[in-house]
2 protein chains.
Amino acid sequence: MHVIIAYDIGIERLHKVYLVMKQYLNWIQNSAFEGDLSMGQLEELKVKVMGIIDKERDSIVVFLVSNPEWIDRRVWGRERGDVKSII
Amino acid sequence: MHVIIAYDIGIERLHKVYLVMKQYLNWIQNSAFEGDLSMGQLEELKVKVMGIIDKERDSIVVFLVSNPEWIDRRVWGRERGDVKSII
């Protein structure tokens, strides 16, 4: 399962969320991660993240695409992170 | 074509990029937009955005998925933006 995550998190919780996400996914931008996870790993990640965020304020949008070949990924400007090998 | 865009832009160019993106896509997060565009519209958006950003510093990652039904979209925490109707 290919996963793209974008998040808006209060600055006081940002680093904790970053550290958890980094265990599972590749950092691609400030506030965006990407990678391949099983549904089990995604559930694990969700439990950890939900234990950190303020559910009334923080927002995380998760996009799941079961086949990475269905995604055409482009970069405008500079490539960041280390994701060249992902897709 | 369903489009998800995540961007890291220098603060001095951020509002200009935001205004251009908003003409084409739905704002979902600080630094993330989503919506349906034709390839022509995407090219138009690219030209406008490339005219604003610093290509050595700013980074925009564009994910294209031709069928929106291939995307399973989930929100952890709070839904932001106005995208409930998108998928």
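Analysis parameters
Residues numbered from 1 in each chain as written. Chains lettered and ligands numbered in written order. Predicted model: local features only at pLDDT ≥ 70, side-chain atom pairs only at ≥ 80, totals over all residues. Helix = DSSP H or I, 4+ residues; strand = E, 2+ residues; numbered from the N terminus. Contact = placed C-beta atoms within 7 Å. Nonpolar A, V, L, I, M, F, W, Y, C, P; charged D, E, K, R; others polar. Buried ≥ 20, exposed ≤ 12 C-beta atoms within 10 Å, placed from the backbone. Pairing = 2+ DSSP bridges. Axes fitted to C-alpha atoms, helices over the stretch in contact; angles between N-to-C directions. Parallel < 35°, antiparallel > 145°, perpendicular 65-115°, else oblique. Least-squares fit on C-alpha atoms with pLDDT ≥ 70 in both.

J.: Mind laying out the overall build of chain A, listing which residues take part and the relevant values?
T.: From N to C terminus, chain A includes two helices and five strands. Listing the helices and strands of chain A from first to last along the sequence gives β-α-β-β-α-β-β. Based on the C-alpha atoms only, the size of chain A along its principal axes is roughly 35 × 30 × 20 Å. Relative to all contacts within chain A whose residues are 6 or more apart in sequence, the contacts with residues 24 or more apart total 72%.

J.: How would you summarise the interface of chain B and chain A if you had to cite specific residues and measurements?
T.: Contact residues are listed per partner, giving 35 residues for chain B and 35 residues for chain A. Going through the elements one at a time, strand 1 (2-8), strand 2 (26-29), helix 2 (39-50), strand 4 (59-65) and strand 5 (71-77) of chain B are the ones with two or more residues in the side of chain B that touches chain A. When the residues that make up the side of chain B that touches chain A are grouped by side-chain class, the tally is 18 nonpolar, five polar and 12 charged.

J.: How would you explain the pairing of strand 1 (residues 2-8) of chain A if you had to name every residue and give the values?
T.: Residues and elements named next belong to chain A. Of all seven residues making up strand 1, seven are buried, and the element is well covered by its neighbours. Burial along strand 1 is two-sided: H2, I4, A6 and D8 facing one way and V3, I5 and Y7 facing the other are all buried. Bridge count for strand 1 against strand 3 (residues 32-36) is five bridges, and the pairing is antiparallel. Note on strand 3: the bridge partner recorded for H2 is D36. Bridging between strand 1 and strand 4 (residues 59-65) involves seven bridges; their strand directions are antiparallel. Opposite D8, over in strand 4, you have S59 as the bridge partner.

J.: Requested: an account of the environment of L45 of chain B, with residues and values cited.
T.: Residues and elements named next belong to chain B. Structurally, the position occupied by L45 is in helix 2. Residue L45 is classed as buried on the basis of its C-beta count, with 22 C-beta atoms lying within 10 Å. Between the C-alpha atom of L45 and that of G77, which follows or precedes it by 32 residues, the distance is 30 Å. Setting aside residues no more than four positions away along its own chain, L45 makes contact with V20, Y24 and L37.

J.: Outline the packing of helix 1 (residues 11-24) of chain A against helix 2 (residues 39-50) of chain A, listing residues and values.
T.: All names here are of chain A. Relative orientation of the contacting elements helix 1 and helix 2 amounts to 170 degrees, with a least axis distance of 10 Å. One way to sum up the angle between helix 1 and helix 2 is to call them roughly antiparallel. Counted together, V17, V20 and Y24 of helix 1 and Q41, L45, K48 and V49 of helix 2 form the full contact between these two elements. Broken down by class, the residue content of the contact of helix 1 with helix 2 amounts to five nonpolar, one polar and one charged.

J.: Help me get a handle on the relation of the copies chain B and chain A, residues and values and all.
T.: It takes a turn of 180 degrees to lay chain B on chain A, together with a shift of 0.0 Å along the axis; the resulting RMSD is 0.0 Å. Interpreted geometrically, this transformation is the action of a two-fold axis. Interface residue correspondence from chain B to chain A reaches 100%, placing this contact among same-surface, isologous pairings.

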